2 protein chains.
Amino acid sequence: MIVRTPRVFREKQNIETYVSHEVREIDIERQRIRVQRKEDGKTWWEPYDHLMIATGSVPIRIPVQGSDSEGIFGVNTYESGIKLNRFLDDASAKNAVVIGGGYIGLEMAENLIKRGLSVSLVELNKEVMSTLDPDMGKLVSDALIEIGVKLFREERFEGFETDNGRVRAVVTDKRTLPADVVVLGMGVRPNTELAQKAGIPIGPSKGIRVNPLLQTDVENVWAGGDCAESIHLVSGKPVHIPLGTVANKHGRVAGINIGGGYATFPGVVGTAMSKICAVEVARTGLGEKEVQRIGLHYITSVTRTRTRAGYYPNADSISVKLIAEKNTGRLLGAQIVGREGAAKRIDILATALHRRMNLQEIMDLDLSYAPPYSPVWDPVALAARVALKKLQPDT
Amino acid sequence: MIVRTPRVFREKQNIETYVSHEVREIDIERQRIRVQRKEDGKTWWEPYDHLMIATGSVPIRIPVQGSDSEGIFGVNTYESGIKLNRFLDDASAKNAVVIGGGYIGLEMAENLIKRGLSVSLVELNKEVMSTLDPDMGKLVSDALIEIGVKLFREERFEGFETDNGRVRAVVTDKRTLPADVVVLGMGVRPNTELAQKAGIPIGPSKGIRVNPLLQTDVENVWAGGDCAESIHLVSGKPVHIPLGTVANKHGRVAGINIGGGYATFPGVVGTAMSKICAVEVARTGLGEKEVQRIGLHYITSVTRTRTRAGYYPNADSISVKLIAEKNTGRLLGAQIVGREGAAKRIDILATALHRRMNLQEIMDLDLSYAPPYSPVWDPVALAARVALKKLQPDT
């Protein structure tokens, strides 16, 4: 899973890569950084012509006693995944507790179940996967329960019980769950400490503020990836979306510009997808809460149909939720939960968001059809047709 | 596979359905049709306020001796499929010859192979699936050969050899192929004989000419489905695209209008897909030949990548061909051949065609990513990025 090693960087691209080194300070006045070598603690100043900040995100942690006990794992780095894997191989863990029902929490819950553990999941919100509206999130909660996860919703994590430096239980505001192993999946926040200390401005999303070229407000300092913010093309507002797709494009755009070329980051519409067991989940655009916060009037519609022609083997369920503006019919957001073949359809709706398409235009799309892959009316176009009916009940 | 029976039409929708009746003549002056009951040959005139012509398409047949011999099948109706199935159950057929490498021919070849027959396929063009450009069609030809089909390309069907009223061989301009069973898949043409005789105008695509409401040029006469033409939104020209998606929408639009509502058919971008064994095939927009015929200057680019993250199990190949206008970068057409998860991605490009998007805009789309479903750069966005490089070699 390591895309490129330091050696490849050096030999193929003439890029010197320092691993196990940490930047302790940025001096924007004199255009230099203070580097510390972890091996021996030695520090020195390095000058820069251009500085790219790609410090990523840090996992959100609640400071409680016993957080550093044995058996408690975050899975935010390659190494942390390996550590957890080893722990499970060595220890005779029976009870696992996952704290947080986001992408990481759910993927971990699934895989702990597959390893034969008894898995409890604690989620603060009404349903897991809070990037979905609760009505769609419920479908994911149901799928988790179906594979045997004990789900505790609207429950607040409060602390750990430990025994001899080893975790023994997770305490919530409602109960105590026995735990031999705990996985933390409470989300991430942009890692901007270093930038902030140097006086590089942070935006309202708490990510480093950048322009479309990925320049920060400080000369010759660039930022991208999980530590920076992006403009959301539907709301027009800066957002922090810590996803690989965004980070990859940020890096590319900043790199081209630093190298003397010209590229701009186009912004995001908030597209994301995930696989939880056999359930496929995807979202794009704004959720109901975000639409309400902006103040737009809207309708929603959930259409349940099938991923393939009804008579074709393995035609399975797909639910498509659309959110559209009331007077214009313009799509504002979409969410999909379904079985094999469901989630990737979100891309049609993401494209529609980029082009500010309305429900009629989505319904009128000439989408592909073949019995193994779709009903004659693709679920996305059908959802638009159904939502349109709700928008114009008189027609 | 029968969606609605005459009884359901009568009981649930108060629609009288005449099966085994044929319309022999349309009298547009007196607004009536001459109907013949097949059972006893009796004919009579029926008046109409509105007449909807939905005569579909007819299979293309080359008039040669022995065409009506036993063992020769078209598979254009439900009944014809059943007949072929029965024939294969009863007869000890060993050698099958499929004439024509379009959607029907390929699906039949695959299923004859699955039934254990030795299958030859005769194709007039350079590669099968001539709705694709030959470079992409070759990938489909290769897949057919891989499953054991004996493929004879650039070969013209000339006739049958028969024995006692039973087919024995298929003769091409290059060889004689032994045949116990023959499947004809030479495409279809709009079934407009009845309309033409009545003086209802036909368009340049040979389908019945209709306006966006699906009205023909004759008052109170409507047409839709395989017998009618549609406007292609990329070329702006009328085309005949005999597909279920188009027919379904035609029927809906005409029905709403005849019923006193208002609906328009938005036009097509020529999206189609198919499954040939494990190979998924899809296309949208214009092919190279069509672009050349219009006279547009264009670039093409074929990008081969993977359907999933490289490290994920079953990450398999996908080839995306893009055709874009030279000066504007506007997408003109796209073709996809690949493995599981490949074909449905055509819908992103179909949506892009509807909105006249250019390569930069497609590359900039915020498409969904998760390792089980996509690399970080979705194959469609990556293809746009690669094609853009070809369009602007200096940047």
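Structure first, text after, so check above.
Keep in mind that this is a model prediction, so the values were computed, not measured.

Undergrad: Sorry if this is basic, but what is going on with the sheet that holds strand β22 (residues 331–338) of chain B here?
TA: One key point about sheets: their strands pair by backbone hydrogen bonds, in either a parallel or an antiparallel sense. All names here are of chain B. On the basis of which strands lie adjacent, the open sheet formed by 5 strands has the order β18-β19-β22-β21-β20 and antiparallel pairing. Sheet topology places β18 (272–276) and β20 (298–306) at the edges, where each strand pairs with a single neighbour. Shown here is a sheet whose adjacent strand axes are inclined to one another by a mean of 10°, direction ignored. Strand direction decides the pairing type here: strand β21 (residues 317–325) and β22, joined by 7 bridges, are antiparallel. Bridge assignment links S319 to a residue of β22, and that residue is V337. Contacts from helix α10 (residues 379–391) reach β20 and β21, with the element oriented near 140° to β20.

Undergrad: What is the right way to read the packing of helix α8 (residues 346–354) of chain A against helix α8 (residues 346–354) of chain B from this model?
TA: Think of two packed helices as two axes; the pair is described by the angle between the axes and how far apart they sit. Their axes nearest at 8 Å, the elements α8 of chain A and α8 of chain B cross at an angle of 25°. The angle between α8 of chain A and α8 of chain B places the two elements in the roughly parallel class. Handedness of the crossing formed by α8 of chain A with α8 of chain B: right-handed. Contact with α8 of chain A, carried on its side by D347, I348 and T351 of chain A, involves D347, I348 and T351 of chain B of α8 of chain B and no other residues of that element. In the contact of α8 of chain A with α8 of chain B, the residues fall into 2 nonpolar, 2 polar and 2 charged.

Undergrad: Where do I start with the interface of chain B and chain A in this structure?
TA: One frequently used descriptor of interface size is the decrease in accessible area upon assembly of the parts. At the interface, 44 residues of chain B touch 44 residues of chain A. Buried surface at the junction of chain B and chain A, both sides included, amounts to about 4200 Å², of which 58% is carbon and sulfur. Three residues stand out in chain B for area buried against chain A, namely R355, D366 and Y373 of chain B, and they jointly supply 18% of the buried area on that side. Our count for the chain B to chain A interface comes out at 4 salt bridges. Here D378 of chain B ties to K344 of chain A by a salt bridge, and the two come within 2.5 Å at their closest N and O atoms. Our enumeration of links across chain B and chain A arrives at 23 residue pairs in polar contact (both at pLDDT 80 or more). Within the residue set of the side of chain B that touches chain A, elements represented by two or more residues are α6 (244–258), β18, α8 and α9 (359–363) of chain B. A total of 6 residues in the side of chain B that touches chain A trace back to one element, the largest contributor, which is α8 of chain B. Classifying every residue of the side of chain B that touches chain A by side-chain character gives 20 nonpolar, 10 polar and 14 charged.

Undergrad: Before we go on, may I ask you to explain the sheet that holds strand β3 (residues 43–47) of chain B in this structure?
TA: Residues and elements named next belong to chain B. Pairing in this open sheet of 3 strands is antiparallel, and the strands run β1-β2-β3 from one edge to the other. Looking at strand neighbours, the two that pair on one side only are β1 (21–27) and β3, the edges of this open sheet. In this sheet, neighbouring strand axes are inclined to one another by 30° on average, regardless of whether the strands run parallel or antiparallel.

Undergrad: What exactly am I supposed to notice about the side chain of S274 of chain A here?
TA: You can see S274 of chain A is positioned in strand β18 (residues 272–276). The residues touching S274 of chain A, leaving out its near neighbours within four places in the chain, are Y103, E107, M129, V279, E280 and V281 of chain A together with A370 and Y373 of chain B.

Undergrad: Would you take a moment to explain helix α2 (residues 78–90) of chain A for this structure?
TA: Turn by turn, an α-helix covers 3.6 residues, leaving residues three or four places apart pointing in a common direction. Residues and elements named next belong to chain A. The terminal C-alpha atoms of α2 lie 19 Å apart, and with 13 residues this matches the ideal 18 Å at 1.5 Å per residue to within 8%. The set of residues buried in α2 consists of S80, L84, F87 and L88. Buried residues along α2 cover an arc of 95° about the axis, so they all sit on one side. Away from its buried face, by an angle of more than 90 degrees, α2 presents the exposed residues E79, R86, D89 and D90. Where α2 is buried, its residues contact β6 (72–74), α3 (103–114), β11 (166–172) and β13 (181–184).

Undergrad: How should the pairing of strand β19 (residues 279–285) of chain A be read in this particular structure?
TA: Two faces make up the sheet, and in a regular strand the side chains alternate between them. All names here are of chain A. Along β19, 7 of the 7 residues are buried, which leaves the element largely enclosed by surrounding structure. Of the strand pairs in this sheet, β18 and β19 are connected by 5 bridges, and their pairing is antiparallel. Residue pairing in the sheet places A272 in a bridge with R283 of β19. The sheet contact formed by β19 and strand β22 (residues 331–338) spans 6 bridges and is antiparallel. Bridge pairing in β22 links R283 to Q335.

Undergrad: Teacher, can you tell me more about helix α6 (residues 244–258) of chain A here?
TA: Given a rise of 1.5 Å per residue, 15 residues ought to cover 21 Å, and the 21 Å separating the end C-alpha atoms of α6 of chain A matches this to within 8%. Every buried residue of α6 of chain A is listed here: T245, V246, K249, H250, V253, A254 and N257 of chain A. The arc enclosing the buried residues of α6 of chain A, seen along the axis, measures out at 150°, which places them on a common side. On its buried side, α6 of chain A packs onto β4 (51–53), β15 (221–223) and β16 (230–231) of chain A together with α9 of chain B. Just beyond α6 of chain A, the residue with positive phi is G260 of chain A, at close to 100°.

Undergrad: I'm lost on the relation of the copies chain B and chain A in this one. Help?
TA: What relates the pair of chain copies is a rotation about an axis plus a shift along that axis. With an axial shift of 0.0 Å and an RMSD of 0.0 Å, the rotation relating chain B to chain A amounts to 180°. Accordingly, the operation relating the two chain copies is best matched by a two-fold axis. Across chain B, the rotation axis passes nearest the C-alpha of I348 of chain B, at a separation of 2.6 Å.

Undergrad: Hey, could you run me through the environment of Y262 of chain B in this one?
TA: For Y262 of chain B, the location among the structural elements is in the loop between α6 and β18. In contact with Y262 of chain B, other than residues within four places in its own chain, are L213, I256 and N257 of chain B.

Undergrad: I keep staring at the pattern of salt bridges and nothing clicks. Help me out?
TA: Side-chain pairing between opposite charges can occur once the charged atoms of the two side chains come close. As enumerated under the stated definition, the model contains 43 salt bridges over all chains in all. Of the charged contacts, one joins E155 of chain A and R175 of chain A as a salt bridge, the two residues approaching to 2.7 Å between their closest N and O atoms. Taken together, the residues span a long stretch of sequence, with E155 of chain A in the loop between β9 (150–152) and β10 (157–163) and R175 of chain A in the loop between β11 and β12 (176–178) at a distance of 20 residues. You can call E155 of chain A buried: its relative accessible area is 2%. Exposure remark for R175 of chain A: the relative accessible area of 34% places this residue in the partly exposed category. The shortest N-O distance in the salt bridge between E361 of chain B and R355 of chain A comes to 3.0 Å. Taken together, the positions of E361 of chain B in helix α9 and R355 of chain A in the loop between α8 and α9 (359–363) put the pair across two chains. What makes E361 of chain B partly exposed here is its relative accessible area of 27%. Classification of R355 of chain A by relative accessible area gives partly exposed; the value is 25%. In this structure, a network of salt bridges that share partners links the residues D133, D135, E288 and K321 of chain A.

Parameters and conventions
- Residues numbered from 1 in each chain as written.
- Chains lettered and ligands numbered in written order.
- Predicted model: local features only at pLDDT ≥ 70, side-chain atom pairs only at ≥ 80, totals over all residues.
- Heavy atoms only, no water.
- Pairing = 2+ DSSP bridges.
- Helix = DSSP H or I, 4+ residues; strand = E, 2+ residues; numbered from the N terminus.
- Axes fitted to C-alpha atoms, helices over the stretch in contact; angles between N-to-C directions.
- Contact = heavy atoms within 4.5 Å.
- Parallel < 35°, antiparallel > 145°, perpendicular 65-115°, else oblique.
- Left-handed = near helix turned anticlockwise from the far one by under 90°.
- Nonpolar A, V, L, I, M, F, W, Y, C, P; charged D, E, K, R; others polar.
- Buried area = accessible area lost by both parts, 1.4 Å probe.
- Salt bridge = Lys/Arg side-chain N within 4 Å of Asp/Glu carboxyl O.
- Polar contact = N/O pair within 3.5 Å; in protein donor to acceptor, adjacent residues only side chain to side chain.
- Expected span 1.5 Å × (residues − 1).
- Buried < 20%, exposed > 50% of the residue type's maximum accessible area, 1.4 Å probe, protein only.
- Arc of directions from axis to C-beta.
- Least-squares fit on C-alpha atoms with pLDDT ≥ 70 in both.

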